[in-house]
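Overview (structure and organization)
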Amino acid sequence: MIKFLVKGILRDKSRSLLPVIVVATGVFLTVFMSGFLKGIFNDVTEVNAKFTTGHVKILTKAYAENKDQMPNDLALMDVKKLLNQLKADYPDMEWVERIHTGGLLDVPDSSGETRGQGQAIGTAIDILSPGTNEVERMNIKKSIVKGSLPVREGEALISDDFAERFGVSIGEKVTLFGSTMNGSMMFKNFVVCGTLRFGNSILDRGAIFMDIQDAQLALDMEDGASEVLGYFKDGVYDDMKAKQLQDSFNKKYGVEGDEFSPVMFRLVEQEGLGDYIKLADSAEAIMAFIFVIAMSLVLWNTGLLGGLRRYSEFGVRLALGEEKKHIYKTTIYEAILIGIIGSVFGTGLGLGAAFYMQAYGLDISSITSNIGMMLPSVYKAEVTPVLFYIGFFPGVLATVLGSALAGFAIYKRKTSQLFHELEV
Amino acid sequence: MLKAIIMFVSAVLSMSFTGPDADEILNKVDQNMSSKNRIFESEMIIHGRRSSRTITSISYSVGNKQSFTEYLSPAREQGTKMLKLSNQLWIYSPSTDRIIQISGHMLRQSVMGSDLSYEDMMDDRKLTEIYSAKVAGNEVINERNTYILELIAKVDDASYYSQKIWVDTERFVPLKQEMYARSGQLLKRITLSDVKQVQGRWFPMSMIFKDVLKDGSGTEFRITSAKFDQVIPDYIFSKAALKQ
């Protein structure tokens, strides 16, 4: 019977072309949008992981409670020892130390007095160690507008907006003024070796990036760090692995009642990223559901039109003694075949577009420069195995639903009137 | 009826307070606490969550417009100087050889991690110039009778919208102060003690500042030497003095 139905579909284009186009379009959109949304969610998560959360993050309990205030007086100490232990205990991870500090960035005039100043957010990462991955991880090279990376102690990168506002040139000295870990006044002169623009309004207003050793010296944080971040070496966040790591670390290093003992947080426990990831995971289902509803409505309508066009055909088949139930069943089988054909075309097109967007992405840097959230500048799709079959679900279901609803008209036909209707 | 009872009780309570009026008390407080000029040597003990630090300094002030402070120890702070002229503040750091001007909201930041802000250190105006006062009652603090005064700012640029101060009824020295925001939120509390007579005036030589919005057990401020109405050379209150 299937062979017979396939022949019918292929030979009678008016019966199959429109439904196949509708299904293929819907499946294309489902597959492409699912891949693109997945990619966007992953990009945003990954940017946050690189800049802020790591795949896991270690802080002292006391620092974690007040982390918005960047309280370096509560920072981690004996970090070298901790890093060595982490590298030995968890070799699948890459561990990095970072320091965050706030303060004023002051630009001197020729007599050393304040010419201009603005608020600064200082971030200290490992820039100068040989083999460091931090510069690449934070995309610093690509964010440099003028100048170059620090190559020696005492050099720093500042935000390009700040440099423009106060007329700071490359090679000029600026002073970072704030508080040391002990609460003393912190003054540290830096030579500006370059300017940065991240496309993020908060960072672009007053960021200063320096080497971690400079920050440790200036902030009296020798062998201290605001936080230690851990990244899976394959670059992909895996919550199951992160949970195992967290349980193991907190059990081994956590000390009950000691507010300065280290505590580990997973990516999903920070900055609301847990809810965000759940939303990303359900995005595919949401997309499929929307298209099932929308396509069912369209295909129902198409089925009704088809039913009208095939009014005489069904009449003849009924007059020849075919049961209504059998006719209804064959229209459903037809719908399944049309759904499969449309889904194959739609999935092929959707995957093609998703592969293209995975390779090239969509550059939105020009419209995100005034956004405070940590967002990537290029959004890329992500092709996952799910994309290869996700379109078949709405594709087939919608055609079946549409045909099932339209096919009810078959049961309304009255055999007694068939000859009159067929004008025999 | 209830209103009448409340009015009666209020009248009886107000009659029960006999003594100088609020302005008179505040005036006497100002006479003790303010002077033409003064030189203080002090130590500030800052209690952090991990450790405590003691910072010593010497400061010179003339009225409420000019003030110069030099930090003497520990080594990390030694040579750091602060100059206040009217409502401007400069800090000199010997390690960077820079003079940095502090302004705007930075004035509300903590000085050296203490419970004092730059604004607290700068605002030396007489209380009578900033606040209108009313007597709110009496209380015994450390076996000393005090008047409780409620102060409301009468100028726009007051650091704190209102204050409550407990003034020794004999020596007219505050023994406790509470500073409030306009919303009524308590911001800081100062406990003053070790009241001594210095050059004919009563003066609290020890103060504990507590920023109630901050963790920790507060900052102790002890005056080790207080001299009033001295001869202070003018050059001290210049930016040139910062680098000397």
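Residues numbered from 1 in each chain as written. Chains lettered and ligands numbered in written order. Predicted model: local features only at pLDDT ≥ 70, side-chain atom pairs only at ≥ 80, totals over all residues. Heavy atoms only, no water.

**With respect to the overall build of chain A**
- Scanning chain A from N- to C-terminus turns up 17 helices and 14 strands.
- Taking 424 residues into account, the globule formula puts the C-alpha radius of gyration at 22 Å, and chain A, at 31 Å, lies well above it.
- Projected onto the principal axes, the alpha-carbon positions of chain A cover approximately 110 × 50 × 30 Å.
- With 424 residues in all, chain A has 51% of them scored as buried.
- Contacts in chain A between residues at least 24 apart in sequence constitute 77% of all its contacts with a sequence separation of at least 6.
- Summed over all atoms, the accessible surface of chain A reaches about 20300 Å², with 60% contributed by carbon and sulfur.
- For chain A, the distance from the average position of its 42 positive side-chain charges to the average position of its 50 negative side-chain charges is 13 Å. (Helix = DSSP H or I, 4+ residues; strand = E, 2+ residues; numbered from the N terminus. Rg over C-alpha atoms; globule rule 2.2 N^0.38 Å. Buried < 20%, exposed > 50% of the residue type's maximum accessible area, 1.4 Å probe, protein only. Contact = heavy atoms within 4.5 Å. Areas by Shrake-Rupley, 256 points an atom, 1.4 Å probe, with all protein chains shown as cover. Lys, Arg positive; Asp, Glu negative; His and termini not counted. Charge placed at Lys NZ, Arg CZ, Asp CG, Glu CD.)

**Quick notes on the pairing of strand β8 (residues 144-153) of chain B**
Residue and element names in this part refer to chain B.
- Note that strand β7 (residues 131-141) and β8 share ten bridges and pair antiparallel. Each residue of the ladder has a partner; that of Ala133, found in β8, is Leu151.
- Taken together, β7 and the strand that follows it, β8, pair antiparallel across an intervening segment of two residues, in which Asn142 is found at a positive phi of about 45 degrees. (Pairing = 2+ DSSP bridges.)

**Quick word on the interface of chain A and chain B**
- Counting from both sides, the interface comprises 33 residues of chain A and, opposite them, 26 residues of chain B.
- For the pairing of chain A and chain B, the buried interface totals around 2300 Å² over both sides, and the portion due to carbon and sulfur atoms is 49%.
- Of all residues in chain A, Glu113, Met185 and Phe187 of chain A give up the largest surface area on contact with chain B, accounting jointly for 29% of the area buried on that side.
- On the surface where chain A and chain B come into contact, there are four salt bridges.
- Arg49 of chain B is the partner of Glu259 of chain A in a salt bridge, and the nearest nitrogen-oxygen pair spans 2.5 Å.
- For the side of chain A that touches chain B, the secondary-structure elements that each account for two or more residues are α3 (61-65), β3 (93-108), β4 (114-125), β7 (173-179) and β8 (185-196) of chain A. (Buried area = accessible area lost by both parts, 1.4 Å probe. Salt bridge = Lys/Arg side-chain N within 4 Å of Asp/Glu carboxyl O.)

**Here we look at helix α12 (residues 311-319) of chain A**
- Buried within α12 of chain A we find Phe314, Gly315, Arg317 and Leu318 of chain A. Projected down its long axis, α12 of chain A shows its buried positions confined to an angular sector of 165 degrees, all on one face. (Arc of directions from axis to C-beta.)

**Structural notes on the environment of Gln270 of chain A**
Residues and elements named next belong to chain A.
- Following the sequence through the fold, Gln270 ends up in the loop between β12 (262-266) and α11 (273-309).
- Taking the C-alpha atoms as reference, Gln270 lies 29 Å from Met186; in sequence the two are 84 residues apart.
- Setting aside anything within four residues of it in sequence, one finds Gln270 in contact with Thr52, Thr53, Lys57 and Phe265.
- At 3.3 Å, the side chain of Gln270 and the backbone oxygen of Thr53 are in polar contact. (Polar contact = N/O pair within 3.5 Å; in protein donor to acceptor, adjacent residues only side chain to side chain.)

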